[in-house]
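Chain residues, written in single-letter form:
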Amino acid sequence: MNPVFEQLIPTLDADGRWEGPTGQIVVEVKKTNSVRDVRGAFLALAYLIMGEPSGTSAVCVIVETRLSSARLQNELARFRQVIHPDIAGRIHFLVEQRQAQNSATAFGGSLDDAPDAFYDWLTDLVASERLNGHVPPLPARQTVIAALARLRLRNDPPVTVKYLQQACQVSYPTVAAVLKELAGIGWLEDSPARGVRLRPLTTGEWMDLARDHARQRGVYLFTDPTGHGSPEQMAKRLAQLQRVHKLPQSVRIGGVMGAARHFPALDITAPPRLDLSVNGDAAQVAALLDAGLSPKTRPEQRVALAMHVTRDPWVITDRRPQPQEPWASELECLSDLVEMGFMTEASEMAQHMALAVKPSGPAA
């Protein structure tokens, strides 16, 4: 390709990838009224899937727009005339169609053969993108480590570097640096199988990992001035909002409630607060849960809701189109216990996690 032309191509890290029975669908979500933005997204998506298997397609999803489906269809037709035929038919658009009578979301456009599971996943992705704000993201290094921890806890077989790149949406150098670091401290498993995974960790190592993970996350604390709310009530409200797609499934319940799910022997009688793992604007999620909540500003105020800005590895590594469990991962919950000061209970949970990991597993 001409280097000058290559410099003109918009860079794009896709907002999501859906794994279907016939291949992946790469998705870019655009909130725009500009045809120029849509053209740029088409070009970037074409460039992104150029070296991928023929079963991979790409779709630009346009939300909150005044552009009509007819105008977008015309733009796609013009784009397909000037792009390579091997790529042209794999580029699509969808436009969001909000249904005011029931607040439901539908999509229409050129992608007409995707299964219902894709649209369930897409609805959740769009809801998540709406919540994304200017919040400190979890460092890429920690995202990879958290994903490896989750895979190890599920006793999954070793995974490839490429899988970690795609699952965590990070670069090859990032994954390579993390693996070099873990190999240096002896945390990677010696295995003849193709791929990498963590070796079984000790109780102390899980605690070290949880402390480090807790330090890396952004945390936002909210109080309830009325004192009438409870963690259980907010958890029910969360489930209601997720059912109508006002909050994405990627908002997960952690803390004491989540830890008790993973470790039923947890010796804490009642959750002192609701802990949530989110990948987006914590304040907006809190406002949707309870408009009466306010940020904690004084040490003596009781925390009702703690929002941990992170990319939960349960979501990253779960290969189902739309995870159904509402709980944050074991590492997130363990980190929450450490953050709250429940050190004895956290150590007991870490021991449970260490015992749950099989010393060896199936090869990839």
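Preceding this paragraph is the structure being described.
None of the values given here were measured: they were computed from a predicted structure.

Asker: Would you take a moment to explain the pattern of salt bridges for this structure?
Answerer: Between side chains of opposite charge, pairing is possible as soon as their charged atoms come close. Under the criterion given, the structure shown has 20 salt bridges. With its nearest N and O atoms 3.3 Å apart, the salt bridge here joins E64 to K31. Of this pair, E64 sits in the loop between β3 (57-63) and α3 (69-82) while K31 sits in strand β2 (residues 23-31), placing them 33 residues apart in sequence. On the accessibility criterion, E64 (42% relative accessible area) is partly exposed.

Asker: Looking at this structure, I do not really get the environment of A149. What am I missing?
Answerer: Among the secondary structure elements, A149 is positioned in helix α6 (residues 140-153). Residue class for A149 comes out buried when judged on its relative accessible area of 0%. In this structure, the C-alpha to C-alpha distance between A149 and L198, residues 49 residues apart in sequence, is 6.9 Å. Ignoring sequence-local partners within four residues, the contact set of A149 consists of L198, W206, L209 and L331.

Asker: How should the environment of P295 be read in this particular structure?
Answerer: In this fold, P295 is placed in strand β9 (residues 294-295). Discounting chain neighbours no more than four positions away, the residues touching P295 are L221, F222, T223 and Q301.

Parameters at a glance
- All residue numbers here refer to positions counted from 1 along the written sequence of the relevant chain.
- With the structure being a predicted model, the display of local features is reserved for residues of pLDDT at least 70 and the display and counting of side-chain atom pairs for 80 or more, all residues being used for whole-chain, interface and lining totals.
- Excluding hydrogens and water, the side-chain values take into account all heavy atoms of the structure.
- Here a salt bridge means any side-chain nitrogen of Lys or Arg lying within 4 Å of a carboxyl oxygen belonging to Asp or Glu.
- Here a helix means four or more residues in a row that DSSP labels H or I, a strand means two or more in a row labelled E, and each is numbered from the N terminus.
- Here the term buried applies to any residue with accessible area under 20% of the maximum for its type, exposed to any over 50%, and partly exposed to those in between, with areas from a 1.4 Å probe on protein chains only.
- Whether two residues are in contact is decided by their heavy atoms, any of which lying within 4.5 Å being enough.

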